[in-house]
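# Fold and contact review
As a plain string of letters, each chain reads:
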2 protein chains.
Amino acid sequence: MAYDFTSLTNLLAPKTVAVVGASANPIRIGGRPISSMLKAGFTGTILPVNPKRDEIQGLPCYASVSDLPTDPDAAIVAVPAVDVLPVIEDLGQKGCRCVTLFSAGFAELGEEGRLMQERLIETVDRHGMRLLGPNTLGAFNALNGYYGTFSSSLDSGYPIPGNIGIASQSGAYGTHLFAVARNRGLGASVLVATGNEADITVGDAIGWMAQSDEVEVICAYLEGFNKPDRLLEALELARDARKPVFVMKVGRSTLGAAAAQSHTATLTGDDAVADAVLAEYGAVRVDQTEDMLDFAYCAHQRVYPANNTMGFITISGGGGIVASDEADAIGLSMPPMPEDAQKELKELLPISSPVNPLDATAQSINEPSLMEKFTRAALEKGGYSSICGFFTSVGGAPVLVPSVIEALKPIRKEYPDRLMVVCVVAPSDIVKQYEEAGFLVFEDGSRAVRAIHAMGVVGDNFAAAEAAQGAKPVLPSVSLPEDTPDEFQSKALLAAAGITAAPEVAATSKDQAVAAATEIGFPVVMKILSPDILHKSEIGGVRLGIGSAEEVAQAYDALLEAAKTHAPKARVTGVLVAKQLNGGTECFMGVSRDPAFGPVAAFGLGGIFVEILNDVVIRRCPFDEAAAREMILSIKGSPILTGARGREPVDIDALASMLSKLSGFAAAAGPRLKSIDINPVMAMPGSGGAFMLDAVVETDTGKEGGGHGD
Amino acid sequence: MAYDFTSLTNLLAPKTVAVVGASANPIRIGGRPISSMLKAGFTGTILPVNPKRDEIQGLPCYASVSDLPTDPDAAIVAVPAVDVLPVIEDLGQKGCRCVTLFSAGFAELGEEGRLMQERLIETVDRHGMRLLGPNTLGAFNALNGYYGTFSSSLDSGYPIPGNIGIASQSGAYGTHLFAVARNRGLGASVLVATGNEADITVGDAIGWMAQSDEVEVICAYLEGFNKPDRLLEALELARDARKPVFVMKVGRSTLGAAAAQSHTATLTGDDAVADAVLAEYGAVRVDQTEDMLDFAYCAHQRVYPANNTMGFITISGGGGIVASDEADAIGLSMPPMPEDAQKELKELLPISSPVNPLDATAQSINEPSLMEKFTRAALEKGGYSSICGFFTSVGGAPVLVPSVIEALKPIRKEYPDRLMVVCVVAPSDIVKQYEEAGFLVFEDGSRAVRAIHAMGVVGDNFAAAEAAQGAKPVLPSVSLPEDTPDEFQSKALLAAAGITAAPEVAATSKDQAVAAATEIGFPVVMKILSPDILHKSEIGGVRLGIGSAEEVAQAYDALLEAAKTHAPKARVTGVLVAKQLNGGTECFMGVSRDPAFGPVAAFGLGGIFVEILNDVVIRRCPFDEAAAREMILSIKGSPILTGARGREPVDIDALASMLSKLSGFAAAAGPRLKSIDINPVMAMPGSGGAFMLDAVVETDTGKEGGGHGD
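So, a few notes on the structure that sits alongside this text. (Residues numbered from 1 in each chain as written. Chains lettered and ligands numbered in written order. Predicted model: local features only at pLDDT ≥ 70, side-chain atom pairs only at ≥ 80, totals over all residues. Heavy atoms only, no water.)

## Some thoughts on the overall build of chain A
A tally of regular secondary structure across chain A gives 24 helices and 30 strands. Pairs at least 24 apart in sequence give 71% of the contacts found in chain A among residues at least 6 apart. In the form shown here, chain A has an accessible surface area of approximately 27700 Å², with 50% of it arising from carbon and sulfur atoms. Within chain A, the 85 negative side-chain charges are centred at a point lying 1 Å from the centre of the 56 positive side-chain charges. (Helix = DSSP H or I, 4+ residues; strand = E, 2+ residues; numbered from the N terminus. Contact = heavy atoms within 4.5 Å. Areas by Shrake-Rupley, 256 points an atom, 1.4 Å probe, with all protein chains shown as cover. Lys, Arg positive; Asp, Glu negative; His and termini not counted. Charge placed at Lys NZ, Arg CZ, Asp CG, Glu CD.)

See below:
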């Protein structure tokens, strides 16, 4: 927790900005930023640099960076790739703090470009500068008129001031988000497009926004995870500041991931890991632009109800059913109104159906005092943290709107902590009237329901983070052997970290065997131990279901006798006494190494559940038992563990403890750990424990440090 | 195939329409239709009926129906519920063919209303009239200016002429759909809101639209299935006419279904049955208004590519990845460009990534001749049936649009059979320019991808219906016993319909037993047969794994001996010789009766797959083996049947045959059949067959005809 995101203030709120490769043509790459800033009234000073001109767009122009009259705190560079390095060097010497590098022709173009990008990084690092790009569309901040971007999206309008910030790896998609937001009337003031991310990443931008006074809602577009530690730190900062982060992490599909790699020079990680990590850090993952902007729109009011419930008041029964279906599909709770409140409303309007959805019929909006009473009842009696009024085109009728708003506006003020949405089919001026009265406005009921649900998810995430003690599990001390361990060594390594194998003792006398069995608990299995007998069962060298001390003694003799009879020359080293695991459920646990986020633990049921249904849950290591329990209960097949159809529940505590310990082991083992498979883990009924029956630990033998080999 | 939907022409294109309960006030229920028709220039004659007036809204008014100067072919009735029946009677006597009944107060209000509604039905039936409503918002047809509706949604604008029709059980939701469509510029000319559906249902409206010259695309909103036979016939007509039907069947969730029942007087059927039946009839089920209208918008061009593939040309790499993710999630194929075509495009524009998505970069749209070449290559070389150009705000820039359209328009004309979509962030006048050039326009890429996919689904549905021979399976002759059959009778009933039980023979001599076993094939199971021995295993009366004739003979003696020893008084009737089914996979098959659609067959794997994962597929009975095979292969656990992870595949042919025969049995058994459970069905590896091991047939004993009891 020490990364300094505030240095991006030089990027987004510079006082003096040099534009190297400045153009007099306001639609050329080197001309657009100047033209945009001049039009928008940038509050700082612009210093154009171009050896061929004395004046550019009405501003004095300088021949070179070294000729600048003052030291710029930021620079925008738009020169051919081959000319970039000396310019950056000059800027460093001139004390510039942050460079936005539009120029393309670096890592995105292959090996030669990658080497040039490395020299670039070396140069900015040497001067302690920050770098946006290369190959970036730039950044802007409408709050001070800074437009360090050549995006043509500004041609159709400047941003609307507001508390939404956009951080995007893709310039074109980032400006697409901005343009759609602006056309919808959303106040997205700040945009950072990170391009090749040689230095500044989407994570950096999120971190800066998390600490800024202006941005309260963060929209991020990611193709891969560069410098994941910074991203996670930024997400934590945002969560602690109660600023929601909505993330489009694209490349879910193989095709999408392949396209992402041809689009940028980053590696698109495994998608399930992305899901797990973003959820862990309380970011809300979205798949579509429309969801992201719907959620950001709702979020701009900063009402995030934990344990969200929705009361849906509708003038169309159908609208209520559509909304109920959507709420059910995504898990938004819609409890019914209390019965006495239902009775009151039914008396008030007999044709209504005031359950939830509350079908108040079209009559309620034609008589706004009725709508007022339904709405008040939903808030007071229903206690819903969110309400949605589905008024469709009736609620958009100019003759009705003033009286509806007059009826509802006082309620909005009385309950500032509730989320209040109306769905109307109406022209923009009427939408604006509802918005000015404090209501969020949607046209489509299903979209409204999804956005209301998302606000609850944000609220739950904030609440969970506040409730968590923040104590990370204590890691064991792990020292991996130099060579890949065999099965016995693997089990021993894990056992040392507290991961329980099925108890077993090698006894060399009858008394020892009886004592061991008594210690382990009945029933036990007994097996002849001999390096010379490979197929124990065939010579009667295995006895199952031994239930008492007496039977142990008998079995001990019988096993020795069997060995003597069937394998007279074998060396017998003793008798193995092991716990017999009857009636357990086979599970599996494993660890793999994600290139971005390190060791990731997985849990699933054995056999077909994993192999055919892919019913597996994963989480970044390490995590505590509570998180492990949540994972275990989240798989689809979990009813098998918790006692479906008359089964006895298995020992979830023991499973959770084992999974958490495994995660600690993996985190402590360091980067040489490649993977772990514990398969099967036998989960016993009741409080019978959970035991690893087989385990493989795979290590990277050829390396010191570094990540996963391939 | 005999239902006459054309009688709805009297509803939607009447020549003379009486308005009973006419009002001079154009915003009252009895005034709105007249006012709307006068404004819209209704092509027919309006005859207001109101005893208190001589003239209404400038038209001569008549005191009663019998005073009308001519016989109306249609009537709109807006009088209190108590006055409705005599008016309907008068209209019948006056030769009226179709009544739209706005009045509420019938079945939706409980028992008394239900009885009134029955008398209403009796009256219209007696006169051979059609009835829309009661409790309906009415119907309209913009193509002839008929507005038999009191919806206030017309206050904000009349429909835009076009080939989309809306059939909705809910008036408010139907007009919500209309208003949203109109505001989007979609031409939805015809709306029928069916209300209580005493006679005319959504199915009737679909049937009429399927046969009309004006409607080509049908949007339907359903809460329940009234008169399901008509609906299915209508869906078939629509499919045969290559008119897509997009259906919002709401009430998926328990909450939604509960709301649907409080909203109308219809029963909301089981949602999975709705899914199966709509899919069977080629209707496309949608969950949201936005999807429905997006799909209808795309469909209005009537391009429905079977085996759809999409080429996605983008100026933003990010836009391409988002689209690829969406396409992958919903199953829209995006094959890559041929390699030689990739090479040519790469030479043309080295910074492009012309795979698929084809990232043509912003340069391609700034030089429209490049965009033209990329688009042409996608169509010619890529051969995609659908293409989508993601141009975002760049493609919405007024300076660029004319040259982009000029470049692309000729291609649109050259390939009339391809679906062509552009995604632009642009004001409506620019959107219109693209549309006039023949392109479908979306702002959001994900929505565009979903709509493109839906057109392919429509195309596949049409193609499948054309390919099907249409021959229904031949049904067996089934005669259910009067009482509920016991297990033995159940199996015998099913066996008579060709459903194979595991082969077994009751032998009364050693020779018979040997012959039976040889006939059945080894290994066999042998059991003592005696009405007096209940627990055969306990007395050694069951022998497994008998592998030869010799062993059969030995086992025969041993079983008789065991009976003599352990149950000397038991009557022994023989020895059962049965096929021993080793290595089979347990499945289950069943039939239940849906209140709307009759017998529905289900198939799943045994055990946890059904019990915990609910991995079951259902289909309306009867169906042929090809459909049964498709069902079997569609369950999530199907890899277990087809040979996942080195298993031997089971006999799918035998399973499909059994499932199809079961569906035939259920269809032939008539309405007294309540349910069938065949559990387990043992599916054997290879071509070893499939055998019912246990079966229960449940019948309704107290009834002749009629549906499911509860």
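## Side note on the pairing of strand β13 (residues 245–249) of chain A
Consecutive side chains of a regular strand alternate in pointing toward one face of the sheet and then the other. Residues and elements named next belong to chain A. The element β13 is extensively covered by neighbouring structure, given that five of its five residues are classed as buried. After leaving strand β12 (residues 217–222), the chain enters helix α7 (residues 228–240) and then returns to the sheet as β13, a path that is right-handed. As paired elements, β13 and strand β14 (residues 284–285) share two bridges and run parallel to each other. If you follow phenylalanine 246 over to β14, its bridge partner there is valine 284. (Buried < 20%, exposed > 50% of the residue type's maximum accessible area, 1.4 Å probe, protein only. Right-handed = clockwise from strand over helix to strand, strands pointing away. Pairing = 2+ DSSP bridges.)

## Observations regarding the interface of chain B and chain A
Each partner contributes residues to the interface: chain B has 64 residues there, and chain A has 64 residues. The contact between chain B and chain A buries some 4800 Å² in all, and 62% of this surface belongs to carbon and sulfur atoms. Inspection of the chain B/chain A interface yields two salt bridges. The closest approach of N and O atoms between glutamate 290 of chain B and arginine 447 of chain A, which form a salt bridge, is 2.6 Å. On the surface where chain B and chain A come into contact, there are 10 residue pairs in polar contact (both at pLDDT 80 or more). (Buried area = accessible area lost by both parts, 1.4 Å probe. Salt bridge = Lys/Arg side-chain N within 4 Å of Asp/Glu carboxyl O. Polar contact = N/O pair within 3.5 Å; in protein donor to acceptor, adjacent residues only side chain to side chain.)

## Description of the pattern of salt bridges
Per the counting criterion, the structure on display carries 58 salt bridges over all chains. Residue glutamate 372 of chain B is joined to arginine 376 of chain B by a salt bridge in which the shortest nitrogen-to-oxygen separation is 3.8 Å. In this pair, glutamate 372 of chain B and arginine 376 of chain B both sit in helix α14 (residues 368–380), four residues apart, roughly one turn of the helix. By sharing partners, the salt bridges in this structure join Arg184, Glu290, Asp294 and Arg447 of chain A together with Arg184, Glu290, Asp294 and Arg447 of chain B into a single network.

## Topic: the packing of helix α5 (residues 171–183) of chain A against helix α10 (residues 289–299) of chain A
Residues and elements named next belong to chain A. At a closest axis distance of 11 Å, the pairing of α5 and α10 adopts a crossing angle of 50°. On the basis of their axis angle, the class for α5 and α10 is oblique. In terms of crossing hand, the pair formed by α5 and α10 is right-handed. Taking contact as the criterion, the partners of Tyr173, His176, Leu177, Val180 and Ala181 in α5 are, on α10, Thr289, Met292 and Leu293. Here the contact of α5 with α10 is composed, by residue class, of six nonpolar, two polar and no charged. (Axes fitted to C-alpha atoms, helices over the stretch in contact; angles between N-to-C directions. Parallel < 35°, antiparallel > 145°, perpendicular 65-115°, else oblique. Left-handed = near helix turned anticlockwise from the far one by under 90°. Nonpolar A, V, L, I, M, F, W, Y, C, P; charged D, E, K, R; others polar.)

## A short note on empty space enclosed by the protein
Under the defined criterion, the tally for this structure stands at six cavities of 30 Å³ or more. For the largest cavity, the calculated volume is near 80 Å³. The greatest single-element share of the lining of the largest cavity, amounting to four residues, is contributed by strand β18 (residues 386–392) of chain A. Of the residues that constitute the lining of the largest cavity, the class distribution is 10 nonpolar, two polar and no charged. Estimates place the volume of the second largest cavity at around 60 Å³. Lining of the second largest cavity is provided by Ile313, Met371, Thr375, Ile387, Gly389, Phe391, Leu408, Met420, Val421, Val422 and Phe439 of chain B. Elements supplying a minimum of two residues to the lining of the second largest cavity: α14, β18 (386–392) and β19 (419–424) of chain B. The class makeup of the residues in the lining of the second largest cavity is nine nonpolar, two polar and no charged. (1 Å grid on protein atoms, 1.4 Å probe; cavity = no way out; pocket = protein on both sides within 12 Å on 5 of 7 lines; lining within 4 Å. Points joined across faces, edges and corners; volume = space filled by probe spheres on them.)

## Structural notes on the nonpolar core
In this structure, Phe391 and Tyr434 of chain A together with Phe391 and Tyr434 of chain B are the most contacted members of the largest nonpolar core, which totals 218 residues. Look past the residues within four positions of tyrosine 434 of chain A in its chain and what remains in contact with it is Phe391, Gly395, Val401, Val404, Ile405, Val422, Val424, Phe439 and Val441 of chain A. (Core = buried A, V, L, I, M, F, W, Y, C linked by side-chain atoms within 4.5 Å.)

## What to know about helix α11 (residues 317–330) of chain B
In a regular helix each residue adds 1.5 Å, so 14 residues correspond to 20 Å; α11 of chain B covers 20 Å between its end C-alpha atoms and thus fits that length. Along α11 of chain B, 11 of the 14 residues are buried, which leaves the element largely enclosed by surrounding structure. (Expected span 1.5 Å × (residues − 1).)

## Regarding the sheet that holds strand β9 (residues 146–149) of chain B
Residues and elements named next belong to chain B. One open sheet holds the seven strands; their spatial order is β9-β8-β11-β10-β12-β13-β14, and the pairing between them is mixed. Of all the strands in the sheet, the pair left with one neighbour each is β9 and β14 (284–285). By the bridge criterion, four bridges tie strand β8 (residues 138–141) to strand β11 (residues 188–193) in an arrangement that is antiparallel. Following the sheet pairing, glycine 138 is matched in β11 by alanine 193. Docked against the sheet, helix α10 (residues 289–299) engages β10 (164–168), β12 (217–222) and β13 (245–249), running at close to 175° with respect to β13.

## Examining the sheet that holds β18 of chain B
In sheet architecture, strand pairing relies on hydrogen bonds along the backbone and comes in two forms, parallel and antiparallel. Residues and elements named next belong to chain B. Taking strand neighbours across the sheet as the criterion, the six strands line up as β16-β17-β15-β18-β19-β20 in an open arrangement whose pairing is mixed. Only two strands of the sheet have a single partner each, and these edge strands are β16 (353–354) and β20 (440–442). Here β18 pairs with β19 via six bridges, running parallel. Bridged to isoleucine 387 within β19 is methionine 420.

## Considerations on unusual backbone geometry
Residues and elements named next belong to chain A. Looking along the chain, the bond that leaves glycine 133 and enters proline 134 is cis, with omega of 0°. Here proline 134 shows up in the loop between β7 (130–132) and β8 (138–141). The peptide bond linking asparagine 356 to proline 357 adopts the cis configuration, its omega dihedral lying at 10°. Positionally, proline 357 belongs in the loop between β16 (353–354) and β17 (358–359).

## Looking at the relation of the copies chain B and chain A
Superposing the two chain copies requires a rotation about an axis and a translation along that axis. Expressed as a screw transformation, the operator carrying chain B onto chain A has a rotation angle of 180° and an axial translation of 0.0 Å, and the superposed copies differ by an RMSD of 0.5 Å. Classification of the inter-copy transformation places it as that of a two-fold axis. A share of 100% of interface residues in chain B that are also interface residues in chain A marks the association as one of identical surfaces. (Least-squares fit on C-alpha atoms with pLDDT ≥ 70 in both.)

## A short note on the packing of helix α6 (residues 202–211) of chain A against α7 of chain A
Residues and elements named next belong to chain A. One way to put it is that α6 packs onto α7 with a least axis distance of 8 Å and a crossing angle of 20°. Taken together, the axis directions place α6 and α7 in an arrangement best described as roughly parallel. Helix-helix and strand crossings are classified by hand; for α6 and α7 the assignment is left-handed. Contacts between α6 and α7 involve Gly203, Asp204, Ile206, Gly207, Ala210 and Gln211 on the former and, on the latter, Arg230, Leu231, Ala234, Leu235, Leu237 and Ala238. Along the lines of polarity and charge, the residues of the contact of α6 with α7 split into seven nonpolar, three polar and two charged.

## Comments concerning the side chain of arginine 620 of chain B
All names here are of chain B. By the secondary structure assignment, arginine 620 is in strand β27 (residues 616–620). The exposure class of arginine 620 is buried, given its relative accessible area of 15%. At 3.4 Å, the side chain of arginine 620 and the side chain of glutamate 280 are in polar contact. Reaching out from arginine 620, the side chain makes a polar contact with the side chain of tyrosine 281 at a distance of 2.8 Å. Discounting chain neighbours no more than four positions away, the residues touching arginine 620 are Leu232, Val277, Glu280, Tyr281, Lys472, Phe597, Pro599 and Val600.

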